[in-house]
Amino acid sequence: MRDNNALPLLNEIAMRRPAVHCLTNTVVQALTANMLLAVGAIPSMSSDIVEVADFTKSADALLVNIGTLDGDLKASIRAAIAAARENGIPWIFDPVFIDRSPPRAAYAKELLALGPALIRGNKGEIATLGGGPADLARKTGAIVAMTGVTDLVTDGEAEITLDGGHELMSLVTGIGCAGTAMLAACVAVSAPNVRLASVAAGLDLFGKAGEQAARESKGPGTFAVAILDQLYQFSQSSLQERKVEA
Amino acid sequence: MRDNNALPLLNEIAMRRPAVHCLTNTVVQALTANMLLAVGAIPSMSSDIVEVADFTKSADALLVNIGTLDGDLKASIRAAIAAARENGIPWIFDPVFIDRSPPRAAYAKELLALGPALIRGNKGEIATLGGGPADLARKTGAIVAMTGVTDLVTDGEAEITLDGGHELMSLVTGIGCAGTAMLAACVAVSAPNVRLASVAAGLDLFGKAGEQAARESKGPGTFAVAILDQLYQFSQSSLQERKVEA
Amino acid sequence: MRDNNALPLLNEIAMRRPAVHCLTNTVVQALTANMLLAVGAIPSMSSDIVEVADFTKSADALLVNIGTLDGDLKASIRAAIAAARENGIPWIFDPVFIDRSPPRAAYAKELLALGPALIRGNKGEIATLGGGPADLARKTGAIVAMTGVTDLVTDGEAEITLDGGHELMSLVTGIGCAGTAMLAACVAVSAPNVRLASVAAGLDLFGKAGEQAARESKGPGTFAVAILDQLYQFSQSSLQERKVEA
């Protein structure tokens, strides 16, 4: 663990316990909440239009994942983003499956104009938003994380690439979505000028957790369990490391 | 297991297999259903306004958890509670996160007037409903279970406190919500005059399952799996115990 | 594994990776997606009326499970089935709990007229649809799989019965629903004239996976994890077998 450069970041999350309000698809809500809890963040998930602004205002970051949608959720997403913007709370965008449905892609493009702090998508999703990741970052002012066999993180100027992870990560529903939620926690505890490094460190940690979990797994069932344990253990190590240093 | 005083209660659940209709938040539906199944209860989860009364009428208890809400669900909750009241079916209230949103708190207070058999919340949630747990019990006629590091159960006169549990229980989303569902099964098989003892026995068992699961876990991933196994094993033991006695 | 006659079918799924669009209840979405992923199929889950036709058109099968319902979902189900029919995509029907609610039973009977390729239900659900499984198959043109301690698959003429499985399968929410999704993947890769055999082979495999998972489990928690691993391992074996033969 000594060379894990995400430990200071994990330590920040574990000490500050950022609240992340998640407007995310129903398929992945449980895994998303569990991943945030594993690293010490505090998830909430309400999408009721009458209360979504309250939840957002009292959070440290807002996650918007459009993996499942309906008219009510779209209205709630707009209300939550408005509350985030009014209160200077960063919002993170996961444009799931926009390459499968033109109306979904159109909706995603509308949201782009609302200043996300981070966009995380795979190659097809980023391409559907228009241009390459660096273009998208420059156009929106967001950090863009394009994930795949190799992950790429960019703010439109600097660019960091990361290898790692394991193919089992693609065989558990919502691992990517939950990973974006963990990145939201990373953004929540990072000043704007170090966010690029934080997102890269978070992705690197996520890949390492996946690799380690895969070594202990017999398939996607045990893998989904093991990656939560692994992130928790990384988080606990970050607290331990701090004690040793003190 | 000999000194586990919840075994007769678990035996009742395993033999009578109470149906618990759950109007609960989408994040925790799967864990809630799995926890009920592990102890031999029968979960159902429909929130469709046109059928929620039918499901409630044919159940032995109704669980209302407001962790995620929208207008449709609020209408369905009212219809389900009305059906429960007309048919003498106890309903159990889990006022999740009402300390995070004033409209949610206002809605929770409306429901209070509808005679829940049991209210389960943490300190902040109980305080938001007004007064301490004993006050709340006297005002509503409900048993109140205030859970935390120490759990407290009261009917407004007698009061039982319970230690136990494990901090990993707070790192798995919905463990508390699913625990309330298990308490609903306890209420379903208990006459009103023994409900206070039943709820306390159920909470005690839940804490013991958490402690045992934590001993076998490497983190929140394995813990969430182990607590289901543990409750199932307690339930199986209660059936075995009965056979030995017979 | 040599005598597992579902291996060629699993190999087809693993090689062709069929997309299965699932309109299913929120309780079981994650397990359903994970089971499809474990055998190499591609799940999607959107139920938004404005995009459900797009998702269905680009899928190889459509799963309709009515375990949780509301007005919006009913409209989306109709739109998705219409898109499936226009594009010659088979749709699979899981009429969950229709024996618990008359309005739900009436809705299910409406859907029957829309030509499902496969209906999977337990004895009570099939009886609520009217007549026995063979009658139902003849009336609808669907293959009917009636699952229970013994499974029965029929196209109204031939009939295949299957023993196997394990009682732990009934203690994990959504195992049956996820199993139907796996059958949807089987239907997706099978020509109409071999679907009866494919559905039977899929059910047989599912029962074998359940038996094997039960042997490695201490309760329903570990079982839910192990059955995913087991299906993944069967799928991997089917790929390996192909390599050995080549």
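Scroll up a little and you will see the structure.
A.B. asks: Explanation requested: empty space enclosed by the protein in the structure shown.
C.D. replies: Over the atoms, a rolled probe matching the size of one water molecule traces out where space is still vacant. Taken as a whole and assessed by the stated rule, the structure comprises one cavity of 30 Å³ or more. Of all the secondary-structure elements, those providing two or more residues to the lining of the largest cavity are α2 (29-38) and α10 (220-245) of chain A, α2 (29-38) and α10 (220-245) of chain B together with α2 (29-38) and α10 (220-245) of chain C. For the lining of the largest cavity, the residue count by class is 27 nonpolar, 14 polar and no charged.

A.B. asks: Just to check I follow, could you spell out the packing of aromatic side chains for this structure?
C.D. replies: For any pair of aromatic rings, geometry is given as the distance between the ring centres together with the angle between the planes. Scanning the entire structure with this criterion turns up six aromatic pairs over all chains. Considering the side-chain rings of Trp91 of chain A and Phe93 of chain A, the 5.7 Å spacing of their centres and the 50° angle between planes classify their relative orientation as tilted. By relative accessible area, Trp91 of chain A is classed as buried at 1%. In this structure Phe93 of chain A comes out as buried when scored by relative accessible area, which is 0%. Above the ring of Tyr107 of chain B, the side-chain terminus of Lys74 of chain B is found at 5.6 Å from the ring centroid.

A.B. asks: In this structure, what is going on with the interface of chain B and chain C? I would like to understand it.
C.D. replies: In many reports, interface size means the accessible area that the parts give up when they come together. Opposite the 25 residues of chain B that make contact, chain C presents 26 residues. For the pair chain B and chain C, the summed buried area comes to about 2,100 Å², and 55% of that belongs to carbon and sulfur atoms. Ranking the residues of chain B by area buried against chain C places Phe55, Asp229 and Tyr232 of chain B at the top, with a combined share of 23%. Our enumeration of links across chain B and chain C arrives at three salt bridges. A salt bridge links Asp48 of chain B to Lys74 of chain C, with the nearest nitrogen and oxygen atoms 3.0 Å apart. In this assembly, chain B and chain C are joined by 13 residue pairs in polar contact (both at pLDDT 80 or more). Mapped by element, the contributors of at least two residues to the side of chain B that touches chain C are α2, β2 (42-44), α3 (52-57) and α10 of chain B.

A.B. asks: Quick question: what am I supposed to make of the pairing of strand β6 (residues 143-146) of chain C here?
C.D. replies: Look at any regular strand and the pattern is simple: side chains alternate between the two faces of the sheet. All names here are of chain C. Residues of β6 alternate between two faces, with Ile143 and Ala145 on one and Val144 and Met146 on the opposite face, all of them buried. Sheet topology note: the strand β5 (residues 118-121)/β6 ladder contains four bridges and is parallel. Considered in β6, the bridge of Ile119 is made with Val144. In this structure, β6 lies alongside strand β7 (residues 151-154), joined through three bridges in antiparallel fashion. Note that in β7 the partner of Met146 across the bridge is Leu152.

Reading the values: rules and limits
- Residues numbered from 1 in each chain as written.
- Chains lettered and ligands numbered in written order.
- Predicted model: local features only at pLDDT ≥ 70, side-chain atom pairs only at ≥ 80, totals over all residues.
- Heavy atoms only, no water.
- 1 Å grid on protein atoms, 1.4 Å probe; cavity = no way out; pocket = protein on both sides within 12 Å on 5 of 7 lines; lining within 4 Å.
- Points joined across faces, edges and corners; volume = space filled by probe spheres on them.
- Helix = DSSP H or I, 4+ residues; strand = E, 2+ residues; numbered from the N terminus.
- Nonpolar A, V, L, I, M, F, W, Y, C, P; charged D, E, K, R; others polar.
- Phe/Tyr/Trp six-rings, centres within 6.5 Å; stacked < 30°, edge-to-face > 60°.
- Buried < 20%, exposed > 50% of the residue type's maximum accessible area, 1.4 Å probe, protein only.
- Lys NZ or Arg CZ within 6 Å of the ring centre and 35° of its normal.
- Contact = heavy atoms within 4.5 Å.
- Buried area = accessible area lost by both parts, 1.4 Å probe.
- Salt bridge = Lys/Arg side-chain N within 4 Å of Asp/Glu carboxyl O.
- Polar contact = N/O pair within 3.5 Å; in protein donor to acceptor, adjacent residues only side chain to side chain.
- Pairing = 2+ DSSP bridges.

Shape descriptors only; they carry no functional weight alone.
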